Amino acid sequence: MLDLRALVAVAEGRSFHRAAQQLNLSQPALSRRIQKLESAVGSVLIERTTRTVRLTPSGREVLPLIRRMLDEFDGSLIGLMAQGERQAGRITLASVPSATVRFMPEVLQKFGEDYRNTRVRILDLSATECAEAVRTGEAEFGLSLPVSTDADLSFSPLHDDPYGLVCHRDDPLAMLPNVGWGDLVGKRLITVHRASGNRTTLEAGLAAQGIQLSWFYEVTRLTSALALVDAGLGPSVLPRLACAGPEARDLVWRPLGEPVIVRTIGLLKRPAAPISPAAERLVTLLSEAWASA
């Protein structure tokens, strides 16, 4: 197991020095661990130069599997030490960040009543990254947007989240009694990158209605879009749940009239890989929370 932990430590720290300190090993001993693992795998896993340390394509491919193996091993040890208490070690789920802001704290409190020693790790990822994490086994399940046809994954809708205007509370748009798409034409709007599932869903809905907007500032994450709106650089069009966190406290979200465009948040799973009883319980609680929204 130490060979596996050596690879994870080097990958996360991007440094043999930091990884050796973390594992309480000398750097030569750490190098031997990595070489032993590479020999067992039959492929070079780490590229090391005088300036950088990074995973090879083979290393990136095996890293999620190694993390899952270590999680299951650590979880089994915790289970043996639990002295009969209900738990399953650790659950890892992948989620688009806005899907967890509103419901997750309350859900985790309820979950802890039955599995109080089960650790929960939440990977805040884009929709594409969520799908990949579930597909590779790094996460047991995901909360995300629909993915393209993929036989390895199943998608179960949980909640329709509408898009709307997001602006600073002092913006003149916030004062209008009703806001329509026409009010945004010609505005210097803030948006997320084209690779984002949120951007893809929004533009598909606008194209179907022949609506063209001017995307002036483009960012990668929804949180970055909110920061630019808060700084007064312009309004944005974002899902309602994206504005549920504290970073949007000085902003307002306003529904937009016809057409109503929504994104669907749902559950991503691998049908061929049943999830643990503890994860099933967490999924049930999340589904109930979304259903009551």
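Residues numbered from 1 in each chain as written. Predicted model: local features only at pLDDT ≥ 70, side-chain atom pairs only at ≥ 80, totals over all residues. Heavy atoms only, no water.

Engineer: Hey, could you go over the packing of helix 6 (residues 104-114) against helix 10 (residues 277-291) for me, with residue numbers and the actual values?
Structural biologist: Taken N-terminus to C-terminus, the directions of helix 6 and helix 10 make an angle of 140°; their axes are 10 Å apart at the nearest point. Looking at the two axes, helix 6 sits oblique to helix 10. In terms of crossing hand, the pair formed by helix 6 and helix 10 is right-handed. Across the interface between the two elements, M104, V107, L108, K110, F111 and D114 of helix 6 pack against A278, R281, L282, L285, L286 and A289 of helix 10. Here the residues of the contact of helix 6 with helix 10 sort into nine nonpolar, no polar and three charged. (Axes fitted to C-alpha atoms, helices over the stretch in contact; angles between N-to-C directions. Helix = DSSP H or I, 4+ residues; strand = E, 2+ residues; numbered from the N terminus. Parallel < 35°, antiparallel > 145°, perpendicular 65-115°, else oblique. Left-handed = near helix turned anticlockwise from the far one by under 90°. Contact = heavy atoms within 4.5 Å. Nonpolar A, V, L, I, M, F, W, Y, C, P; charged D, E, K, R; others polar.)

Engineer: Give a description of the confidence of the model for the chain that names residues and reports values.
Structural biologist: Averaged over all residues, the pLDDT of the chain is 83; the fraction at 70 or higher stands at 93%. Within the model, the stretch residues 81-88 combines pLDDT values under 50 with 14 contacts to residues more than four positions away or in other chains. (pLDDT = per-residue confidence, 0-100.)

Engineer: Tell me what's going on with the environment of A242, and back it up with residues and numbers.
Structural biologist: As for its position among the elements, A242 is in the loop between strand 9 (236-239) and strand 10 (251-255). Take A242: its relative accessible area is 5%, and that puts it in the buried class. A242 sits 142 residues away from T100 along the chain, and the two C-alpha atoms are 9.8 Å apart. The contacts of A242, once residues within four sequence positions are left out, are S98, L222, L226, E247 and R263. (Buried < 20%, exposed > 50% of the residue type's maximum accessible area, 1.4 Å probe, protein only.)

Engineer: An account of the packing of aromatic side chains is requested, with residue identities and associated values reported.
Structural biologist: Working definition: an aromatic ring pair is given by the centre-to-centre distance plus the angle between the planes. Counted by the stated rule, this structure contains two aromatic pairs. Note on F111 and Y115: the rings are 5.3 Å apart at their centroids and 15° apart in plane angle, and the pair reads as stacked. Comparing F111 with Y115 shows no difference in burial state: the two are buried. The aromatic ring of F16 is capped on one face by R48, whose charged end is 3.9 Å from the ring centroid. Sitting over the ring of F216, R188 keeps its end group 3.7 Å from the ring centre. (Phe/Tyr/Trp six-rings, centres within 6.5 Å; stacked < 30°, edge-to-face > 60°. Lys NZ or Arg CZ within 6 Å of the ring centre and 35° of its normal.)

Engineer: Account for the side chain of S31, naming residues and giving values.
Structural biologist: The topology assignment puts S31 in helix 3 (residues 27-41). With a relative accessible area of 16%, S31 lands in the buried category. There is a polar contact of 3.4 Å between the side chain of S31 and the side chain of R48. Aside from chain neighbours lying at most four places away, what touches S31 is F16 and R48. (Polar contact = N/O pair within 3.5 Å; in protein donor to acceptor, adjacent residues only side chain to side chain.)

Engineer: Outline the environment of L145, supporting the account with residue identities and numerical values.
Structural biologist: Looking at where L145 falls in the secondary structure, it is placed in the loop between strand 5 (141-144) and strand 6 (154-168). Given a relative accessible area of 4%, L145 falls into the buried group. In this structure the C-alpha to C-alpha distance between L145 and S126, which are 19 residues apart in sequence, comes to 9.2 Å. With residues up to four places along the chain from it excluded, the contact list for L145 reads A127, F155, G197, N198, R263, T264 and I265.

Engineer: How would you summarise the pattern of salt bridges if you had to cite specific residues and measurements?
Structural biologist: Scanning the entire structure with this criterion turns up twelve salt bridges. One salt bridge connects D3 with K36, and the closest N-O pair in it is separated by 3.7 Å. In this pair, D3 is assigned in helix 1 (residues 2-13) and K36 in helix 3, connecting sequence segments 33 residues apart. Judged by its relative accessible area of 53%, K36 falls in the exposed class. Of the charged contacts in the structure, one is a salt bridge between E218 and R199, with a shortest N-O distance of 3.0 Å. Residue E218 is located in strand 8 (residues 215-219), and its partner R199 is located in helix 8 (residues 197-209); the two are separated by 19 residues in the primary sequence. (Salt bridge = Lys/Arg side-chain N within 4 Å of Asp/Glu carboxyl O.)

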